[in-house]
Amino acid sequence: MDYTGKTALITGASSGIGECFAHELAIRGMNLVLVARSEDKLQSLAKQLYQQHRIQVTVITADLSREGEGLRVYKETQARQLNIDILINNAGFSTNGMFEAIPPEQDHQQVMLNVVSIVDLTHAFIPTMLAKGEGVIINIGSTTSFYSLPRQAVYAATKAFVLSFSEALWMEYKKRGIKVLALCPGATDTNFFDAMGRDVVAGKHSPQQVVRIGLRALEQGRHYVIPGFRNSFESNILPRLLPRAVMATLVESVSRRAFK
Ligand SMILES: NC(=O)c1ccc[n+]([C@@H]2O[C@H](COP(=O)([O-])OP(=O)(O)OC[C@H]3O[C@@H](n4cnc5c(N)ncnc54)[C@H](OP(=O)(O)O)[C@@H]3O)[C@@H](O)[C@H]2O)c1
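Residues numbered from 1 in each chain as written. Predicted model: local features only at pLDDT ≥ 70, side-chain atom pairs only at ≥ 80, totals over all residues.

Caption draft 1: Molecular detail of the packing of helix α1 (residues 16–27) against helix α7 (residues 207–219). Interhelical geometry of α1 versus α7 gives an angle of 60 degrees and a closest axis separation of 9 Å. Taken as axis vectors, α1 and α7 run oblique relative to one another. In terms of crossing hand, the pair formed by α1 and α7 is right-handed. Residues Gly16, Ile17, Cys20, Phe21 and Glu24 of α1 form the contact with α7, whose participating residues are Pro207, Gln208, Val210, Val211, Arg212 and Leu215. (Axes fitted to C-alpha atoms, helices over the stretch in contact; angles between N-to-C directions. Helix = DSSP H or I, 4+ residues; strand = E, 2+ residues; numbered from the N terminus. Parallel < 35°, antiparallel > 145°, perpendicular 65-115°, else oblique. Left-handed = near helix turned anticlockwise from the far one by under 90°. Contact = placed C-beta atoms within 7 Å.)

This is the structure in structure tokens:
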């Protein structure tokens, strides 16, 4: 793929996987639009990337869990005459705990961010990609896209949505010049677990490993990728072999031991 001089919009670019996408795409000569809530972090990342790579970096602060924010982000890119070639729907978070203990408004925000904002942003940016006959959409799923996860019930359901949505769009648009990839990492060393209030014991990938595997899969024309053999076996193979109830029981007991 030729990235040079093209523009990527990355949601959740202020830390973790999104920030790493920004670095990796800047190395490849892309201009960037960085989106998240933390303006300070985005501004300092933008400055660093400009100084290191002399690319054009635009910051748009947005709380994508709010109704209409995806459309506002799109309108800002239009107002600044930014043409988006790669849309990376990365921003996301997980609640943690028994369903009845989770404040309903947190679950609502989670669905708004992990699901609704992705649909809104994709609706906003895809018409221009179709008109040009090229474009890329990368949606960040998870290993939990492939199975349910007790104590992260809504999160896993949002990530199942991401995989299903991405796969359908990949099929719809693959003959019209648009690549769609669901990047489905397992545990990755980011602020994700701090935000969740619970950390895993071991076995995390670095965000750089995840992003590089994602970009390689994109270049190979794949429509989903799960970084790591073990993650791939547990997400892609086991659910096909085991009855759903057995899989749910297994996931429940493994995930209980996986967390500190
Ligand atoms: N880390 C893992 O183990 C793991 C595994 C599988 C999938 N994932 C997925 O990977 C994606 C990136 O997460 P990460 O691991 O990189 O975690 P992270 O370091 O916590 O990054 C999350 C990013 O999302 C942004 N964000 C959160 N709420 C937002 C909102 N309401 N509006 C706009 N931006 C918001 C955050 O920025 P602000 O706080 O500045 O808004 C931050 O930039 C998520 O979709 C997550 O579900 C992570």
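What follows continues from the structure just given.
Caption draft 2: Spotlight on the environment of leucine 113. Examined against the element boundaries, leucine 113 turns out to sit in helix α4 (residues 104–132). Residues in contact with leucine 113, not counting those within four places in the same chain, are Leu64, Ser65, Ala91, Gly92 and Phe93.

Caption draft 3: Broad picture of the sheet that holds strand β7 (residues 224–225). Across the sheet, seven strands lie side by side as β3-β2-β1-β4-β5-β6-β7; this open sheet has parallel pairing. Two strands bound the open sheet, and with one partner strand each, they are β3 (57–61) and β7. (Pairing = 2+ DSSP bridges.)

Caption draft 4: Expanded view of the site of the ligand. With respect to spatial proximity, 30 residues lie near the ligand, and among them Gly12, Gly16, Arg37, Ser38 and Gly92 are the closest. Elements with a contribution of two residues or more to the shell around the ligand: α1 and α6 (192–196). Across the shell around the ligand, the residue classes tally to 13 nonpolar, 14 polar and three charged. (Near = placed C-beta within 6 Å. Nonpolar A, V, L, I, M, F, W, Y, C, P; charged D, E, K, R; others polar.)

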